Amino acid sequence: MRQKRAEEAEAAEAVKRAKAGSSAGSGGRGRRSRKRGAGKGEVRKERTKRDGGVEMAKERTFLMIKPEAVERGHVGEIIARFERCGFRLVALRMEKLSREKAEKQYEEHRGKDFFESLVSYICSAPVVLFVVEGENAISAARKMVGATDPKKAAKGTIRADFGIDVQRNAIHAADSPEKAEREIKIHFGELL
Ligand code: IDP
Ligand code: MG
């Protein structure tokens, strides 16, 4: 129990660092509009507040709790971690993904040897799709999620705690502002 708390504290610390980190180059996308005067393709950085002199960008990111984590009853705890870290839940849905949506979600991996197996697995049972909002949400969420292989994921991360193997690794998190926007559009187009 005490060790669990220490691991969670370690992950929370990593999130704090991610939130405080410079957002330079992250191109965080805010709610709707483009920055006034920004050229086509440039995304708006919505500046929220200053923390120790570091400007922080408010972002939205897309997450998906994978079938085995839903089946094993980890949904509540996983979402609670995001809320405890200060992120606001802005959309949430449970869905058994169609093959079409799953292929679109994982388009970048088409052609890789694990693509077919990944798509069938993702469509095999319901997943939980959600969007959170907060400072540097995209990189902070990736830190909370941990490395792809749960065995290599840092202690206290979601994949280290709930993942089974490299495919059944509990959760997906968008890995860049462009992907966050793309994935939010696939699953929660009404938010854009
Ligand atoms: P990520 O989820 O950490 O961003 P990606 O390399 O983008 O990792 O892979 C997407 C998903 O594909 C992973 O989360 C995992 O479920 C699955 N995957 C990645 N590499 C392998 C593999 O070598 N074997 C089986 N599944 C894999
Ligand atoms: Mg990825």
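Right, let's walk through the structure included here. (Residues numbered from 1 in each chain as written. Chains lettered and ligands numbered in written order. Predicted model: local features only at pLDDT ≥ 70, side-chain atom pairs only at ≥ 80, totals over all residues. Heavy atoms only, no water.)

Once that is clear, we can look at the pattern of salt bridges. Once the charged atoms of two side chains with opposite charge are near each other, the side chains can pair. With the rule as written, the count across this model stands at 15 salt bridges. Among the ionic pairs, Arg81 bridges to Asp161, the shortest N-O distance being 2.7 Å. Of the two residues, Arg81 is situated in helix α3 (residues 75-84) and Asp161 in helix α7 (residues 158-162); the sequence distance between them amounts to 80 residues. What makes Arg81 buried here is its relative accessible area of 6%. On the basis of relative accessible area, Asp161 is assigned to the partly exposed category, the value being 22%. The salt bridge partner of Glu95 is Lys101, with a shortest N-O separation of 2.8 Å. (Salt bridge = Lys/Arg side-chain N within 4 Å of Asp/Glu carboxyl O. Helix = DSSP H or I, 4+ residues; strand = E, 2+ residues; numbered from the N terminus. Buried < 20%, exposed > 50% of the residue type's maximum accessible area, 1.4 Å probe, protein only.)

What follows deals with the site of ligand 1. Around ligand 1, the surrounding shell consists of Lys66, Tyr106, His109, Phe114, Leu118, Arg142, Thr148, Arg159, Val166, Gln167 and Asn169. Within the contact set of ligand 1, an oxygen atom lies 2.9 Å away from a side-chain nitrogen or oxygen of His109. In the complex, 78% of the free accessible area of ligand 1, which totals 530 Å², lies under the protein chains. Taken together, the residues of the shell around ligand 1 sort by class into four nonpolar, four polar and three charged. (Near = heavy atom within 4 Å. Polar contact = N/O pair within 3.5 Å; in protein donor to acceptor, adjacent residues only side chain to side chain. Areas by Shrake-Rupley, 256 points an atom, 1.4 Å probe, with all protein chains shown as cover. Nonpolar A, V, L, I, M, F, W, Y, C, P; charged D, E, K, R; others polar.)

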